[in-house]
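Residue-level structure breakdown
If you want the building blocks of each chain, they are given just below.
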Amino acid sequence: MTRPILIAPSILSADFARLGEEVRAVDEAGADWIHIDVMDGHFVPNLTFGPPVIQAIRPHTGKVFDVHLMIAPADPYLEAFAKAGADVITVHAEAGPHLHRSLQAIRAMGKKAGVAINPGTPAAVVEPVLDMADLVLCMTVNPGFGGQAFIGSACETIARVRAMIGPRPIRLEVDGGVTPETAPLVARAGADVLVAGSAVFKGGTYHANMAAIRAAAEAATGTLV
Ligand SMILES: O=C(CO)[C@@H](O)[C@H](O)COP(=O)(O)O
Ligand SMILES: [Fe+2]
């Protein structure tokens with residue numbers, strides 16, 4: 001049995017002037033989840049959007065809203081993101097001292113809880129919270145911007161996290177520089193949710209761009225169980 005690969009286009013690379021339309025377009029083109037990057041200009045050196053924007057695009061799709069919080073602190077805002085329509089809420093391990101508490105709070109609101117780690121953070125950081133997590137996100141770029149070059153050494157972290165997860169029903173997501181060329185590397189290392197921004201929204205058709213990433217990843221993991 002193969003492990004199904006989910007594709008989550010990051011709307012950070014979408015046309016913000018037509019965000020609702022863009023969300024509908026990637027939904028219809030075969031996106032499994034919609035990845036939403038929230039940045040605060042403090043945890044990462046960039047600013048994006050907050051709960052009102054998520055609430056505004058929520059009626060445009062029924063797909064899972066995968067909200068990647070690059071904010072510190074995250075805890076005071078979790079409820080607002082849940083109410084705005086997030087389904088998965090991911091906090092960075094590096095963003096605060098109370099990771100377990102953040103994951104607990106997300107689950108207490110009936111949402112899926114994710115923990116993210118940067119390329120410079122050891123895989124071992126997530127081990128103590130695996131029983132509180134529905135998803136682990138391994139960054140394959142330093143967070144803050146779309147269109148950056150893939151950091152290959154992060155594949156070792158992905159493989160370590162996959163081994164730690166073992167039989168638990170936890171998704172392993174990767175984010176940053178994912179293309180048809182890098183998708184086989186992360187899929188082989190154990191990723192099963194692939195975020196892609198510029199590789200999806202770069203032009204051409206969204207369907208073809210996502211299908212190329214999915215096909216490359218699935219070809220690399222055809223024998224995984
Ligand atoms: O979280 C982030 C960046 O911090 C990502 O979700 C990016 O939006 C991915 O963009 P590409 O690297 O695929 O262009
Ligand atoms: Fe992201």
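Quick caveat, the model's predicted, so the values are computed rather than measured.

1. Quick word on the overall build of the protein
Across its full length, the protein carries 8 helices and 8 strands. Here the C-alpha coordinates of the protein stretch approximately 40 × 40 × 30 Å along the principal axes. The buried share of the protein, taken over its 225 residues, is 44%. Taking the contacts inside the protein whose residues are at least 6 apart along the sequence as the reference set, 65% of them involve residues at least 24 apart.

2. A look at the site of ligand 1
Taken together, 22 residues form the shell around ligand 1, and within it Ser 10, Pro 143, Gly 146, Gly 197 and Ser 198 come nearest. Put simply, the parts of the chain that give the shell around ligand 1 at least two residues each are strand S2 (33-39), strand S8 (193-196) and helix H7 (198-201). Grouping the constituent residues of the shell around ligand 1 by class yields 8 nonpolar, 12 polar and 2 charged.

3. What about the UniProt feature "active site" (unreviewed entry) in the protein?
In the numbering used here, UniProt assigns the "active site" (unreviewed entry) feature to Asp 37 and Asp 175. Spatial clustering of the annotated residues is evident: they stretch over 139 residues in sequence, but the largest pairwise C-alpha distance comes to 10.5 Å. Checked against the element boundaries, Asp 37 lands in strand S2. With sequence-adjacent residues up to four places away left out, Asp 37 is seen in contact with Ser 10, Leu 12, Thr 48, His 68 and Met 70. Its location among the elements puts Asp 175 in strand S7 (residues 171-175). You can call Asp 175 buried: it has 27 C-beta atoms within 10 Å. Non-local contacts of Asp 175, meaning those with residues more than four positions away in its chain, are made with His 68, Leu 137, Met 139, Thr 140 and Val 195.

4. Points about the pairing of strand S4 (residues 88-92)
Burial analysis of S4 places 5 of its 5 residues in the buried class, the great majority of the element. Residues of S4 alternate between two faces, with Val 88, Thr 90 and His 92 on one and Ile 89 and Val 91 on the opposite face, all of them buried. Bridge count for strand S3 (residues 64-70) against S4 is 4 bridges, and the pairing is parallel. If you follow His 68 over to S4, its bridge partner there is Thr 90. Remark: the S3/helix H3 (residues 78-84)/S4 crossover connection has right-handed handedness. One ladder, built from 5 bridges, connects S4 with strand S5 (residues 112-117); its direction is parallel. Within the sheet, the bridge partner assigned to His 92 lies in S5 and is Ala 116. Chirality of the crossover, the property in question, places the unit of S4, helix H4 (residues 99-108) and S5 among those that are right-handed.

5. Here we look at the nonpolar core
Formed by 73 residues in total, the largest nonpolar core has its most connected members in Val 67, Ile 158, Val 186, Leu 194 and Ile 213. Excluding residues within four positions of it along the chain, Val 186 makes contact with Thr 140, Cys 155, Ile 158, Val 174, Val 178, Ala 191 and Leu 194.

6. Re the environment of Ala 189
Looking at where Ala 189 falls in the secondary structure, it is placed in helix H6 (residues 183-189). Using a count of 22 C-beta atoms within 10 Å as the deciding quantity, one classes Ala 189 as buried. In this structure the C-alpha to C-alpha distance between Ala 189 and Phe 150, which are 39 residues apart in sequence, comes to 14 Å. Beyond its immediate stretch of four places on either side in the chain, Ala 189 contacts Cys 155, Ile 158, Ala 159 and Arg 162.

7. What to know about the environment of Phe 145
Among the structural elements, Phe 145 can be located in the loop between strand S6 (135-139) and helix H5 (154-165). Spatially, the C-alpha atom of Phe 145 lies 24 Å from that of Gly 190, the residues being 45 residues apart in sequence.

The rules behind the values
Residues numbered from 1 in each chain as written. Chains lettered and ligands numbered in written order. Predicted model: local features only at pLDDT ≥ 70, side-chain atom pairs only at ≥ 80, totals over all residues. Helix = DSSP H or I, 4+ residues; strand = E, 2+ residues; numbered from the N terminus. Buried ≥ 20, exposed ≤ 12 C-beta atoms within 10 Å, placed from the backbone. Contact = placed C-beta atoms within 7 Å. Near = placed C-beta within 6 Å. Nonpolar A, V, L, I, M, F, W, Y, C, P; charged D, E, K, R; others polar. UniProt positions renumbered as here; feature names shortened; annotations may be inferred. Pairing = 2+ DSSP bridges. Right-handed = clockwise from strand over helix to strand, strands pointing away. Core = buried A, V, L, I, M, F, W, Y, C linked by C-beta atoms within 7 Å.

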